[in-house]
Amino acid sequence: MDLGVLLRSLIPSLQSVYVLVSYFVYLAVAGELLPGKVIRGVVLSDGSQLRYRCNGLFALTLLVAILGISAKLGIVSPLVVADRGLELLSATFIFCVLVTLVLYISGRSSSDKTSSLKPHVSGNLVHDWWFGIQLNPQFLSIDLKFFFVRAGMMGWLLINLSILAKSVQDDSLSQSMILYQIFCALYILDYFVHEEYMTSTWDIIAERLGFMLVFGDLLWIPFTFSIQACNCVFDNEPGWWLLHNKVQLTVPAIVANCFVFLIGYMVFRGANKQKHIFKKNPKTPIWGKPPVVVGGKLLASGYWGIARHCNYLGDLMLALSFSLPCGISSPVPYFYPIYLLILLIWRERRDEVRCAEKYKEIWAEYLRLVPYRILPYVY
């Protein structure tokens, strides 16, 4: 495909803009109106706690049902994302740039003193735009940080479902595609089943909302996490990797792939659950025993006694399990786990610097008790 055709396919059409705007409007309305468990966030430095309505699973289920019925009636094409992937990607990128410029301007002009909205201005325009100025900015009472990560996770599933529909239409549905779709769907559905755990993650409680998070949530998650199924471009439309590459897996390969997914899920979900429960009630037993707590603040039991970022290990194993169905004929499907490895090592390094500054002697004791960062005996 020549460069001219590629560039033209990146220009958002009115339909792609309409799809994106409709998606955001639905999520905003559903997030406010649908019933769901209301969770109090962690206590912020000023003693305040934000409230989060965790109705993502309801909103996702209803959206998929609406789209399925609409596709059956011929109102919406199930291939709209698969056929307009690059347009939607570029439209999302433009939205990310615009919304973060608004966040930058509103943050700079804010005089709010609360922990959620107090502006943190370094004076470096690029730094403040990239990392953000405010911790939890809102729009029409919608917590934007929580909203954007929800949009990204749902978008990932919608992209996959559209690719699945295209593979069925093209009569190219393969064993590898089915395995990939099952693993991703289970992971995404599990995220929304345990959506309240997101409220105690570092992104929510510590990272300010700037281009880094907005771009990561809205564009990077849905469009690159699905790269195992989608690649670059073929002919005059988006091309999808598993649609154009038949991979025959042996039974042992399928079993091994399932094993990697299940172990990764057990570590990832178990570690995050232990962390969330500990933050809610530090006295809750871990693996049937009283938790080991360093300085009354840092958990050194369960998965968190094995490695300081054991949840990252689970996340990496899950990312690998999403790519293994594609075989080893090309490095392209392994972009996600490779990128995630680099990202998590970078993030782990940032986290450790912050924790060393925050906890001081307590952190030094924690390092002594839990010497490994991510992978025990290796790193």
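- Under an unreviewed UniProt entry, the name given to the protein chain is Sterol C-14 reductase, and the organism recorded is Brassica napus.
- In its Sequence similarities (unreviewed entry) section, UniProt records this for the protein chain: "Belongs to the ERG4/ERG24 family."
- Under the Subcellular location (unreviewed entry) heading, UniProt states for the protein chain: "Membrane".

### Structural notes on a nonpolar patch on the surface
Right, so step 1: Together, Val17, Val21, Val25, Val29 and Leu33 line one region of the surface with nonpolar side chains, adding up to about 440 Å² of accessible area.
Right, so step 2: Along the chain, valine 17 turns up in helix 2 (residues 14-33).

### Details of the packing of helix 8 (residues 175-193) against helix 12 (residues 251-280)
Right, so step 1: The interhelical angle for the contact between helix 8 and helix 12, taken along N-to-C directions, is 10 degrees, at an axis separation of 12 Å. Accordingly, the angle class assigned to the pair helix 8 and helix 12 is roughly parallel. Of helix 12, the residues touching helix 8 (which contributes Gln175, Leu179, Phe183, Leu186, Tyr187, Asp190 and Tyr191) are Ile254, Asn257, Cys258, Phe261, Tyr265, Phe268 and Arg269.
Right, so step 2: The class makeup of the residues in the contact of helix 8 with helix 12 is 10 nonpolar, two polar and two charged.

### Some details on helix 10 (residues 211-224)
Right, so step 1: Taking 1.5 Å as the rise per residue, helix 10 with 14 residues should run 20 Å; its terminal C-alpha atoms sit only 17 Å apart, a clear shortfall.
Right, so step 2: In helix 10, a bend of some 35 degrees at aspartate 217 exceeds every other bend along the element.
Right, so step 3: Counting buried positions along helix 10 gives 13 out of 14 residues, so the element sits mostly inside the fold.

### Notes on the nonpolar core
Right, so step 1: Ranked by size, the top nonpolar core spans 79 residues in total, and within it Trp156 and Phe322 carry the most contacts.
Right, so step 2: Looking at this core, the element that brings in the most residues is helix 7 (residues 144-169), giving 13 residues.
Right, so step 3: Judged by nonpolar contacts, the second largest core, of 17 residues, contains Ile286, Leu299, Tyr303 and Cys355.

### Considering the packing of aromatic side chains
Right, so step 1: Evaluation of the coordinates by the stated rule reveals 28 aromatic pairs.
Right, so step 2: Measuring from ring centre to ring centre gives 6.3 Å for phenylalanine 93 and phenylalanine 211, while their planes differ by 85 degrees; the resulting arrangement is edge-to-face. Here the residue phenylalanine 93 occupies a position in helix 5 (residues 85-109), and phenylalanine 211 occupies one in helix 10, the gap between them amounting to 118 residues.
Right, so step 3: A relative accessible area of 6% places phenylalanine 211 in the buried class.
Right, so step 4: Measuring from ring centre to ring centre gives 4.9 Å for tryptophan 220 and tyrosine 339, while their planes differ by 65 degrees; the resulting arrangement is edge-to-face. Of this pair, tryptophan 220 sits in helix 10 while tyrosine 339 sits in helix 14 (residues 335-359), and the two are 119 residues apart along the sequence.
Right, so step 5: Take tryptophan 220: its relative accessible area is 21%, and that puts it in the partly exposed class.
Right, so step 6: Through successive ring pairs, a cluster of aromatic residues spans Phe93, Trp129, Trp130, Phe211, Phe215, Trp220, Phe335 and Tyr339.

### Here's the deal with the packing of helix 13 (residues 310-323) against helix 14
To characterise two packed helices, one gives the angle between the axes of the helices and the distance between these axes.
Right, so step 1: Close contact between helix 13 and helix 14 brings their axes to 9 Å; oriented N to C, the two are set at 170 degrees. One element, helix 13, and the other, helix 14, form an angle in the roughly antiparallel class. Of helix 14, the residues touching helix 13 (which contributes Tyr312, Asp315, Leu316, Ala319, Leu320, Phe322 and Ser323) are Tyr336, Pro337, Leu340, Leu341, Leu344, Arg347, Glu348 and Asp351.

### A look at the side chain of serine 301
Right, so step 1: Mapping serine 301 onto the fold places it in the loop between strand 8 (298-299) and helix 13.
Right, so step 2: Residues in contact with serine 301, not counting those within four places in the same chain, are Gln274, Ile286, Pro290, Pro291 and Val292.

### Structural notes on the pairing of strand 2 (residues 51-54)
Right, so step 1: Residue alternation in strand 2 divides its side chains into a buried set, Tyr52 and Cys54, and an unburied set, Arg51 and Arg53.
Right, so step 2: Where strand 1 (residues 37-40) lies against strand 2, four bridges are found, and the strand directions are antiparallel. Bridging across to strand 2, lysine 37 finds its partner in cysteine 54.

### A closer look at the environment of lysine 118
Right, so step 1: Inspection of the secondary structure puts lysine 118 in the loop between helix 5 and helix 6 (125-131).
Right, so step 2: When its relative accessible area of 39% is taken as the criterion, lysine 118 is described as partly exposed.
Right, so step 3: The spatial distance from the C-alpha of lysine 118 to the C-alpha of glutamine 274 is 30 Å, given a sequence separation of 156 residues.
Right, so step 4: Apart from residues lying up to four places away in sequence, lysine 118 is in contact with Asp112, Lys113, Ile133 and Gln134.

### A closer look at the pattern of salt bridges
Right, so step 1: Counting across every chain of the model gives 13 salt bridges.
Right, so step 2: Between arginine 308 and glutamate 352 there is a salt bridge, and its shortest N-O distance comes to 2.7 Å. Highlighted residues: arginine 308 in the loop between strand 8 and helix 13 and glutamate 352 in helix 14, separated in sequence by 44 residues. Each member of the pair, arginine 308 as well as glutamate 352, is classed as buried.
Right, so step 3: The salt bridge involving glutamate 365 is made with arginine 368; its shortest N-O contact spans 2.7 Å. In this pair, glutamate 365 and arginine 368 are both assigned in helix 15 (residues 361-369), three residues apart and thus about one turn of the helix distant.
Right, so step 4: Residue arginine 368 is classed as exposed on the basis of its relative accessible area, which comes to 55%.
Right, so step 5: Members of the salt-bridge network, linked through shared partners, are Arg308, Glu348, Arg349, Glu352 and Arg373.

The rules behind these values
All residue numbers refer to positions counted from 1 along the written sequence of the respective chain. A pLDDT threshold of at least 70 governs which residues receive local features in this predicted model, and a stricter bar of 80 or more applies before side-chain atom pairs are shown or counted, although totals over entire chains, interfaces and linings include all residues. The side-chain values count all of the structure's non-hydrogen atoms but skip hydrogen atoms and water molecules. UniProt positions are given in the numbering used here, feature names are shortened, and annotations may be inferred rather than shown by experiment. Surface patches are defined over residues having more than 30% relative accessible area and no salt bridge, joining like charges when they lie within 9 Å and nonpolar side chains (Val, Leu, Ile, Met, Phe, Trp, Tyr) when within 5 Å. Method for areas: the Shrake-Rupley scheme with a 1.4 Å probe, in which residue coverage is limited to the protein chains shown. Put simply, a salt bridge is a Lys or Arg side-chain nitrogen that is within 4 Å of an Asp or Glu carboxyl oxygen. Where helices and strands are cited, they refer to DSSP runs of H or I of at least four residues and of E of at least two residues respectively, numbered from the N terminus. Think of each axis as a best-fit line through the C-alpha atoms, taken over the contacting stretch in the case of a helix, with angles from 0 to 180 degrees between the N-to-C directions. Roughly parallel covers angles under 35 degrees, roughly antiparallel covers those over 145, roughly perpendicular covers 65 to 115, and oblique covers all other angles. It only takes one pair of heavy atoms within 4.5 Å for two residues to be counted as in contact. Only Asp, Glu, Lys and Arg are considered charged in this grouping, and only Ala, Val, Leu, Ile, Met, Phe, Trp, Tyr, Cys and Pro are considered nonpolar; every other residue, Gly among them, is considered polar. Expected helix span is computed as 1.5 Å times (number of residues minus one). A residue's bend is the angle separating two fitted axes: one through the seven residues that end there, the other through the seven that start there. Each residue's exposure class comes from its accessible area (1.4 Å probe, protein chains only) as a fraction of the maximum for that residue type: buried when under 20%, exposed when over 50%, partly exposed otherwise. Among buried residues, the Ala, Val, Leu, Ile, Met, Phe, Trp, Tyr and Cys ones that are joined through side-chain atoms within 4.5 Å form a nonpolar core. Stacked, tilted and edge-to-face pairs are distinguished by plane angle, under 30 degrees for stacked and over 60 for edge-to-face with tilted covering the rest, among Phe, Tyr and Trp rings (Trp via its six-membered ring) whose centres lie within 6.5 Å. Should DSSP find at least two bridges between two strands, the strands are taken to pair.

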